[in-house]
Amino acid sequence: MDIKNLVKQQVRGICPYRPGKPIAVLLKEKGLERAFKLASNENPLGSSPLALKAIKEGLSQLNRYPEGSGPALREKLAKVYGIKPEEIILGNGSSEVLSLSLLTFLNPGEEVILPEPTFTIYEILVLMCCGIPVKVPLNPDFSYNPNRIAKAITGKTKFLFLASPNNPTGTIIKKNELTKLLDELPKQVIVVLDEAYAEYVESPDFVDGISLFSGKHLLVARTFSKLYGLAGLRIGYGIASAGIIEEMNKIRPPFNTTIPSQLAASAALEDREFVARSLENNRTGKKYLYRGLSDLKIAYVPTEANFILIDLAKNAPKICGRLEDKGVIVRPVDNPMMKERYIRLTIGTPEENTLFLKSLAEILRYK
Ligand SMILES: Cc1ncc(COP(=O)(O)O)c(C=O)c1O
């Protein structure tokens, strides 16, 4: 029997998540000597040096299993945020935290409201859990539309997923919009607030979900993959009331985060120099790219994250291909309604940003 016939109904229709192309693959494909990857919103400055040092120092412990729930790291995070360690769960990346929340609380046939467009993994996770994704479009300028979200709630709604900043748009849900939604949602709805890029936000309209979760059905997901430069280690965390975390812990794989990842994350939290340098690189890179794109008369969506949604008007996949020829890896947006027009560009180092703008200018001029 064809294995496809044995696949669970919900999994049959899933389009696999397409990660950004690795640099080594492009170098080999095109016979290039160097290439830049600006496709996966990674930290272009590398990893926190204190994290790297902690990993080296912890190498002698690798014959041991990690402490499953990561008590030392949770203790440290609790201190940073002024909350309790029981209000924190660690995950193999924040993606695992999102996944654990659905696996714990979502019954088959229940609805999950997702913004459209958003991080494509959400829909895959919902389908995997036999839930029904209900997509609620953002406004034409990619801001959130809380009225539309409120109208999409039905008796079957179990979750509302919000990403702030949202991927791929870089837009946030404003403080007054989020607090109103949290106050007015029916009690059976759990809000998952994905704050993978929260540390980069500059807007005064932003509210940190960690200041709001107490007493609410709100799970905030954070990661060490972005600002701290530890995407390859896979470590993130969720913050919610102790009751929510306790339920999720029942199904958390016992050793879901590793000794190196726990040690590195803990050290990275104290690496103020690396954090400040990364934030400054993002701020100046953002301004530089805004100016360069405006000079090329290319529209973009102002961002609160470490990437920019760029509106090329047409031919986005073709232009991405031409950029790859020049050693610049970016990607068209996964969403079928947007993929011809938009690309999502990670803000890189000054050198990477310059090469991107130069390459784009050449491609558009000689198209
Ligand atoms: C909105 C959003 N959430 C979560 C993640 C995944 O983060 P992690 O590496 O912690 O699983 C990403 C990664 O790109 C993202 O864009």
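On a predicted model such as this, the values are computed, not experimentally measured, just so you know.

Each value, and the rule that gives it
Residues numbered from 1 in each chain as written. Predicted model: local features only at pLDDT ≥ 70, side-chain atom pairs only at ≥ 80, totals over all residues. Axes fitted to C-alpha atoms, helices over the stretch in contact; angles between N-to-C directions. Helix = DSSP H or I, 4+ residues; strand = E, 2+ residues; numbered from the N terminus. Parallel < 35°, antiparallel > 145°, perpendicular 65-115°, else oblique. Left-handed = near helix turned anticlockwise from the far one by under 90°. Contact = placed C-beta atoms within 7 Å. Nonpolar A, V, L, I, M, F, W, Y, C, P; charged D, E, K, R; others polar. Domains from an automatic or database assignment. Pairing = 2+ DSSP bridges. Expected span 1.5 Å × (residues − 1). Buried ≥ 20, exposed ≤ 12 C-beta atoms within 10 Å, placed from the backbone.

### Quick word on the packing of helix 4 (residues 71-81) against helix 10 (residues 259-268)
Inference 1: In contact at an axis separation of 9 Å, helix 4 and helix 10 are set at 20° when each is read in the N-to-C sense. It follows that helix 4 is roughly parallel to helix 10 by the angle criterion. Viewed along their axes, helix 4 and helix 10 form a crossing whose handedness is left-handed. The segment helix 4 lies against helix 10, with Ala72, Leu73 and Lys76 engaging Gln262, Ala265 and Ser266.
Inference 2: When grouped by side-chain class, the residues that make up the contact of helix 4 with helix 10 number three nonpolar, two polar and one charged.

### Some words on the domain arrangement of the chain
Inference 1: Splitting the chain by domain gives domain 1 (3-46 + 272-366) and domain 2 (50-268).
Inference 2: Just the C-alpha atoms count here: the centres of domain 1 and domain 2 sit 24 Å apart.
Inference 3: Elements with a minimum of two residues in the side of domain 1 that touches domain 2: helix 1 (9-12), helix 11 (272-295) and strand 10 (307-311).
Inference 4: Taken together, the residues of the side of domain 1 that touches domain 2 sort by class into 13 nonpolar, nine polar and four charged.

### Considerations on the sheet that holds strand 10
In sheet architecture, strand pairing relies on hydrogen bonds along the backbone and comes in two forms, parallel and antiparallel.
Inference 1: The strand order across the open sheet formed by four strands is 9-10-13-12, and the pairing between neighbours is antiparallel. In the strand order of this sheet, the two ends are held by strand 9 (299-301) and strand 12 (331-332), each with one partner.
Inference 2: With two bridges joining them, strand 12 and strand 13 (residues 342-346) adopt antiparallel strand pairing. Considered in strand 13, the bridge of Pro332 is made with Ile343.

### Some thoughts on the packing of helix 3 (residues 49-57) against helix 10
Inference 1: It is at 7 Å that the axes of helix 3 and helix 10 come closest, and there the two elements cross at 145°. The hand of the helix 3/helix 10 crossing is right-handed. On the side of helix 3, the interface is formed by Leu50, Ala51, Lys53, Ala54 and Ile55, while helix 10 contributes Pro260, Leu263, Ala264, Ser266, Ala267 and Ala268.

### Brief notes about helix 5 (residues 94-105)
Inference 1: Compared with the 16 Å implied by 1.5 Å per residue over twelve residues, the 17 Å span of helix 5 between its first and last C-alpha is a close match.
Inference 2: Taken across its twelve residues, helix 5 has ten buried, putting it largely inside the fold.

### Some remarks on the environment of Ile173
Inference 1: Relative to the helices and strands, Ile173 resides in the loop between strand 5 (157-163) and helix 8 (175-184).
Inference 2: Its 26 C-beta neighbours within 10 Å are what place Ile173 among the buried residues.
Inference 3: Distance in space between the C-alpha atoms of Ile173 and Asp205 is 8.2 Å, their sequence separation being 32 residues.
Inference 4: If sequence neighbours within four positions are ignored, Ile173 has contacts with Tyr144, Leu162, Ser164 and Leu178.

### Details of the sheet that holds strand 2 (residues 88-91)
Inference 1: Read across the open sheet, the seven strands follow the order 2-8-7-6-5-3-4; overall the sheet is mixed. Pairing within the sheet leaves two strands with one partner each, and these edge strands are strand 2 and strand 4 (132-137). Pairwise comparison of adjacent strand axes, ignoring direction, gives a mean angle of 25° for this sheet.
Inference 2: With five bridges connecting them, strand 5 and strand 6 (residues 190-194) associate as parallel partners. The partner of Leu160 across the bridge, within strand 6, is Val191.
Inference 3: Across the sheet, helix 5 lies against strand 2, strand 5, strand 6, strand 7 (218-223) and strand 8 (236-239), angled at about 155° from strand 7, the strand it touches most.

### Considering the pairing of strand 10
Inference 1: Counting buried positions over the five residues of strand 10 gives four, a clear majority of the element.
Inference 2: Bridging between strand 9 and strand 10 involves three bridges; their strand directions are antiparallel. When the bridges of strand 10 are listed, Val301 appears paired with Leu309.
Inference 3: What sits between strand 9 and strand 10 in their antiparallel hairpin is a turn of five residues.
Inference 4: Pairing analysis gives five bridges linking strand 10 to strand 13, with the strands arranged antiparallel. Bridge assignment links Leu309 to a residue of strand 13, and that residue is Arg344.

### Here we look at the environment of Glu362
Inference 1: Assignment of secondary structure puts Glu362 in helix 13 (residues 350-366).
Inference 2: A sequence separation of 220 residues divides Glu362 from Phe142, and the C-alpha atoms of the two residues are 29 Å apart.

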